[in-house]
Amino acid sequence: MPAAPDKLATLRRQLAERFPSPPRIAGRVFPTGLPALDEIAGGLPLGAVTEIVCSAPSCGGQLLLGQLLATTRAARQRVALIDGSDSFDPTSHSPDLLAHLVWIRCNPTVSSAKTSATADALQAADLLARDANFALIVLDLRRAAENELRRTPATQWYRLQRAVEPTDLSLVAITPRATVPSAQLRFTLSASHSAIALELERPALATALAPALQRQRLHVAAIA
Amino acid sequence: MFAVLHIADFPLHAVLRNEPDAARRPAALFTGTGKKSVVLAANSAARAPGVELGMTAPQAVARCPGLVIRAPNAAAEAEARAVLLAVSFTLSPSIEDTAPGVCTIDLRGSTREQFESAARAAVTELVRLGLPATAGLARTPLLALYAAQSNRSRSLNLSLSPSENSSAKLQAERTRTIKITRTNEDLTILVLLITPATEKSFLASLPLSAADPSPELAAILSTWGLRTLGDLTALPRDDIVRRFGAAGLALWQRAAGGDPRPIRPVVPPQTFAAAMEFEHEIETLEPLLFILRRFLDRLALELLAAQLVAAELELTLRLEDDSQLARNFRLPEPTADVEILFRALHTHLESLQTASSISALTLRVVPTRPLVRQQGLFETGLRDPHGFAETLARLSALVGADRVGTPQLEDTHRPDGLKLVAPLAVIPPPPAFPLHPAIGAPLRRFRPPLPAQLELTSGRPTYLWTEKIRGEICAQGPVYSSSGDWWQLDRAWTRCESDIVLADGGLYRLLIENNVYFIEGEYD
């Protein structure tokens, strides 16, 4: 009797044969406009999950998000921001940069008694990953409660990965610590802004961001 | 050429099509609900154990203990009639509502291949919609009706005489059979084409009762030994007229298949609506969705026949406590696709909770002309507008309708002054690069602001405590005061804010309101 992984592999192969999908080109990326990130990985991988770990306060997570908004706005691509703690501040950004944004506000104080804000955010990501209209989904769990992140089963992250794999969208998860086991790329922002960051122009601040590459899983086809 | 779509035991199937479970069990339609009510119609599962027309309910139940007993329902019959007409309009614009369960279609202008395949598709569609139908295609409307009516009896009763058997074999060559297997019933549906070559042999095998003779005539002809239409038409017509007068002539002509006649055309529906009152109140989602799917199947067919599409759906639910729930669904892109229309309703109903059970529902479709345009090469509209609308509806159900959308800043200096609006269908071109880019890192807000305590040394804050953040303050920016809406007593606001830097990293905005400190956000 075949083991469970073999059965799963057989089932997947049979499904792929029964419902063939057009071949996808591995290794495609979405350039972010952030030199430090684009030089390392070429951009955010499409059809994959990228994790940005914000391990220090004021380390530039929102700055990076603003840069992603500007890049997608220039390309007229639709973006979804799943705000796990309702912390996004639209007034910090130009109104023109928000025309393409769909903001999902999961507020921990108003989430239903049955589910947590993090669970709502993950469910929202699962729904959005199956929508063909988005080019980028940002799942902001930077302020998610530690116990909620720990309770999230790894299978849920792999399910999210499976959902985005056949698509052309890039999913970015912003977390306080390394959390996403299915992430193809993981960067860490660990340096806090200095006081001068309140006086510098934002493009200069974004250029100065130095995300450190923590993990990069290469696609088999890309290696070949 | 004419076609007839025929639904045997129409009142029974009209009722059963709204009850998926009952349709698979032995079921019979009675004249009423009293003790003396008798069987008007029974399905094949009920006939098999011996339920016959005219039996009382106790007699029928004695023969078939699990019999589903139903009474005629005028609303269900009207809905089934609308379904039959809607399907008939897919064959031709010229159709006649001949009788309950009988629709005559004028097929002039179409070729044999066209009307044969269209008739098969129509019968299949009717079966899918819960109405087991048969179709007949022939030179005259009456002959087509004979063909449609004879299909089912022939398919279920093959005990023919040798001569009849040979003619049946001949017809079988010209017959396309669609077999649809149900859970407990093998229903063979035939689309029977009667050509001039087979017309005589077909009529010859039909029983005399097919021509609907009066009881007196039937009795006399029976004593003469006439059993089939062929027996009657073998007699000279003039002799029949001399013996029975006008009634005899009419019968002889009916026995010969009648003549082509102009049909009384049905006007296509101008409004697209469906309604139903439930005998038993509905408390769960499944039966409601089942009925809505039935409605949408019919309405979509009517829309297609009228070359229209749905722009909006209006759903009204009447509750047991006589209150009403009404909801309009504006479709992101007009469509007549049943799946899309159904998904729009399904997504809404999934998260709907009512105070009491549902006693009636009405569904109305606002039609519009289909949008025909070519997508621009560089247009960045929605790839899947219906999928987008459905995703937004699901997200709204998950986090709240007021918490999903595109942020739009309000024309005010009030902090955090914004509202959420529906996302744009087409993303506008990007603005020119700003001459004066934004200054400083964006804020990551705390909603609501975190209450904070400060330690002051020589009037300057030196240490910060909040529920989530604490640390030594190593620098503080200037304090800015602002106020607004002073002309509105209930909306007036005054505040002071300052930026602080913690020694172990972290830039925060300190908010001072009425001498109470808060952390409004983190510069990130």
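Residues numbered from 1 in each chain as written. Chains lettered and ligands numbered in written order. Predicted model: local features only at pLDDT ≥ 70, side-chain atom pairs only at ≥ 80, totals over all residues. Heavy atoms only, no water.

For the rest of this paragraph, the subject is the sheet that holds strand E4 (residues 68-70) of chain B. All names here are of chain B. One open sheet accounts for 3 strands, arranged E3-E2-E4; its pairing is mixed. The open sheet is flanked by strand E3 (39-42) and E4, the only strands paired with a single partner. Within the sheet, the average angular offset between the axes of one strand and its neighbour, ignoring direction, is 25°. Two strands pair when backbone bridges link them, and strand E2 (residues 27-30) and E3 are joined in this way by 3 bridges, in the antiparallel orientation. (Pairing = 2+ DSSP bridges. Helix = DSSP H or I, 4+ residues; strand = E, 2+ residues; numbered from the N terminus. Axes fitted to C-alpha atoms, helices over the stretch in contact; angles between N-to-C directions.)

What follows is about the confidence of the model for chain B. All names here are of chain B. Mean pLDDT over chain B stands at 84; residues scoring 70 or higher make up 91%. Segment residues 154-188 is flagged for pLDDT under 50; beyond a separation of four residues in sequence, or across chains, it makes 48 contacts in the model. For this predicted complex, the interface score ipTM comes out at 0.86, alongside a pTM of 0.66. (pLDDT = per-residue confidence, 0-100. Contact = heavy atoms within 4.5 Å.)

All names here are of chain B. In contact at an axis separation of 10 Å, helix H5 (residues 74-88) and helix H6 (residues 112-128) are set at 155° when each is read in the N-to-C sense. Looking at the two axes, H5 sits roughly antiparallel to H6. H5 and H6 meet at a crossing whose hand is right-handed. In this structure, H5 uses Val 83, Leu 84 and Val 87 to contact H6, whose residues at the interface are Ala 122, Glu 125 and Leu 126. Split by residue class, the contact of H5 with H6 holds 5 nonpolar, no polar and 1 charged. (Parallel < 35°, antiparallel > 145°, perpendicular 65-115°, else oblique. Left-handed = near helix turned anticlockwise from the far one by under 90°. Nonpolar A, V, L, I, M, F, W, Y, C, P; charged D, E, K, R; others polar.)

For any two helices packed against each other, one specifies the inter-axial angle together with the distance between the axes. Residue and element names in this part refer to chain B. At their nearest, the axes of helix H13 (residues 285-305) and helix H14 (residues 338-350) sit 10 Å apart, and the two run at 155° to each other. Classified by the angle their axes make, H13 and H14 are roughly antiparallel. Relative to H14, H13 is oriented so that their crossing is right-handed. Along the contact surface, H13 presents Leu 285, Leu 288, Leu 289, Leu 292, Arg 293, Leu 296, Asp 297 and Ala 300, while H14 presents Val 338, Glu 339, Leu 341, Phe 342, Leu 345, His 346, Leu 349 and Glu 350.

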